[in-house]
Amino acid sequence: MAAGCMVVISGPSGSGKSSICRRLIQDPRVVFSVSATTRAPRAGEVDGVDYHFLSKERFREHIEKGEFIEHAEVHGNLYGTLRQPMDDAIAAGKVYLLEIDVQGALQLRELGIEAEYIFVAPPNHETLRERLVGRGTDAPEVIERRLKKALDEMEESHRYDHVVVNANLEAAIGEVLRIAGLDAPQEV
Ligand code: 5GP
């Protein structure tokens, strides 16, 4: 992959996709797509950095104005990718990184958006449950809901260009860096 491209990462909650993305965005060639969402911020999350936290009304305004390239309802909240920052980053020759759910990724694919589509999978179901419980941020019924969704999402993984099994975080990061063409040192 070269400059001015997109990398779309999906995977169940607890697959480790966020840890992989956090590493990728340390590279100055990478710009992270800050999604809009109607869910409440979690502790430590910053508006405009982790997400643009919007009311349902504001979110709907963006939909009506056609400002989202994709949007989807996930776990009862709305999430969407704004088109303008994406166009700006690609034009600036950046690697634009999206961490979005399966519905959103498949919407982009259907629109013919060129990207490396990467599905991050947990090594097995038990590891996924342990990671979701260990995170300690979600109530038991939320964990069960996320586990069920994870299993449904796993069935869509064959629709991605790459499936990265995250048994070992460093190895998974290395694989994603290679797919994104970020394993070589930056050209000067
Ligand atoms: P969380 O609330 O845990 O941050 O994210 C829940 C899910 O929403 C994750 O699977 C995440 O990848 C997905 N998500 C985040 N932003 C977007 C977006 O802009 N569009 C879509 N379709 N999904 C998103």
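See the structure above.
Residues numbered from 1 in each chain as written. Predicted model: local features only at pLDDT ≥ 70, side-chain atom pairs only at ≥ 80, totals over all residues. Heavy atoms only, no water.

1. Quick notes on the pattern of salt bridges
Reasoning step 1: Scanning all chains against the criterion turns up 12 salt bridges.
Reasoning step 2: One salt bridge connects R39 with E45, and the closest N-O pair in it is separated by 2.8 Å.
Reasoning step 3: Note on R39: relative accessible area 9%, which makes it buried.
Reasoning step 4: Residue K149 is joined to D101 by a salt bridge in which the shortest nitrogen-to-oxygen separation is 3.6 Å. Here K149 is found in helix α6 (residues 140-154), whereas its partner D101 is found in the loop between β7 (95-99) and α4 (102-110), with 48 residues between them in sequence. Exposure class is identical for K149 and D101. Each is buried.
Reasoning step 5: Sharing partners across several salt bridges, the network here consists of D101, K149 and E153. (Salt bridge = Lys/Arg side-chain N within 4 Å of Asp/Glu carboxyl O. Buried < 20%, exposed > 50% of the residue type's maximum accessible area, 1.4 Å probe, protein only. Helix = DSSP H or I, 4+ residues; strand = E, 2+ residues; numbered from the N terminus.)

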